[in-house]
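# Reading the structure
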Amino acid sequence: QVQLVESGGGLVQPGGSLRLSCAASGNIVRIYTMGWYRQAPGKQRELAASITSGGTINYADSVKGRFTISRDNAKNTVYLQMNSLKPEDTAVYSCNAQAQSTSDWLSRSYWGQGTQVTVSS
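Residues numbered from 1 in each chain as written. Predicted model: local features only at pLDDT ≥ 70, side-chain atom pairs only at ≥ 80, totals over all residues. Heavy atoms only, no water.

## Some points on the packing of aromatic side chains
This is how the line gets drawn: Pairing of aromatic rings covers Phe, Tyr and the six-membered ring of Trp, with a centre-to-centre limit of 6.5 Å; geometry is then stacked below 30 degrees between planes, edge-to-face above 60, and tilted otherwise. For a Lys NZ or an Arg CZ to count as sitting over a ring, it must be within 6 Å of the ring centre and within 35 degrees of the ring normal.
In total, this model carries one aromatic pair according to the counting rule given. Here the guanidinium or amino end of Arg 45 rests over the ring plane of Tyr 37, the centre of that ring lying 5.9 Å away. Here the basic side chain of Arg 45 rests over the ring of Trp 111, its NZ or CZ set 4.0 Å away from the ring centre.

The structure is reproduced here in structure tokens:
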């Protein structure tokens, strides 16, 4: 079993910055891919950014140049640095990890509880 806990969300003005963190815990063998998804009211959930265990990074076009994803493998933690925030970035941001635990021979997808990011004047 793997648990993901996000932190760092909140209310920020347009142009401001926030840094989200997602810490994985449990009986972890290895975490392969970690990503940040976001879902605004009335819209589908979309992948904002992801990073593999090898360091391959993908960003949604809407966040390129403004967001930076990184991970600390020793801490089983992924970060999302969000700069130049816009009102359209307002959403619940959820951490996802593809990971293998000691109780399973399969890698599974795990989700955090989500953290609210609100960008407003």
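Moving on, there is more to tell.
## Notes on the state of the cysteines
What counts, and what does not: In plain terms, two cysteine sulfur atoms within 2.5 Å form what is called a disulfide here. Where helices and strands are cited, they refer to DSSP runs of H or I of at least four residues and of E of at least two residues respectively, numbered from the N terminus. The rule is simple: take the accessible area with a 1.4 Å probe, protein chains only, and divide by the maximum for that residue type; under 20% is buried, over 50% is exposed, in between is partly exposed.
For the structure on display, the rule yields one disulfide. Across a sulfur-sulfur distance of 2.1 Å, Cys 22 and Cys 95 are joined as a disulfide pair. Taking the sign of the S-S torsion, -85° for the link of Cys 22 and Cys 95, the bridge is left-handed. Of this pair, Cys 22 sits in strand S3 (residues 18–26) while Cys 95 sits in strand S9 (residues 91–101), and the two are 73 residues apart along the sequence. Each member of the pair, Cys 22 as well as Cys 95, carries the same accessibility label: buried.

## Observations regarding the sheet that holds S3
Short version of the rule: Any two strands between which DSSP finds at least two bridges are classified as paired. The axes used here are C-alpha line fits, helices contributing only the stretch in contact, and every angle between their N-to-C directions lies in the interval 0 to 180 degrees.
Sheet architecture is open: four strands sit in the order S1-S3-S8-S7, paired in antiparallel fashion. Both edges of this open sheet fall to strand S1 (2–7) and strand S7 (67–72), since each of them pairs with a single strand only. Sheet twist, expressed as the mean angle between neighbouring strand axes with direction ignored, is 15°. By the bridge criterion, six bridges tie S7 to strand S8 (residues 77–82) in an arrangement that is antiparallel. Residue Ser 70 lies in a different strand from S8, and its bridge partner there is Tyr 79.

## Here's the deal with the nonpolar core
Convention followed: Only buried Ala, Val, Leu, Ile, Met, Phe, Trp, Tyr and Cys residues count toward a nonpolar core, and they belong to the same one when joined by side-chain atoms within 4.5 Å. Contact between two residues is taken to exist if any of their heavy atoms lie within 4.5 Å; hydrogens are not considered.
Ranked by size, the top nonpolar core spans 29 residues in total, and within it Leu 4, Trp 36, Val 78, Leu 80, Met 82 and Tyr 93 carry the most contacts. For this core, the leading source of residues is S9, giving five residues. Not counting chain neighbours up to four residues away, the residues in contact with Leu 4 comprise Cys 22, Ala 23, Ala 24, Cys 95, Asn 96, Ala 97, Tyr 110, Trp 111, Gly 112 and Gln 113.

## As for the pairing of S9
In terms of residue burial, S9 counts as a mostly covered element, since nine of its 11 residues are buried. Across nine bridges, the pairing between strand S4 (residues 28–39) and S9 is antiparallel. Its bridge partner lying in S9, Met 34 is registered against Ala 97. The pairing of S9 with strand S11 (residues 115–119) spans three bridges and is antiparallel. Across the sheet, the residue bridging to Val 92 is Gln 116, located in S11. Inspection of the sheet shows S9 paired to strand S10 (residues 107–111) by five bridges, in the antiparallel sense.

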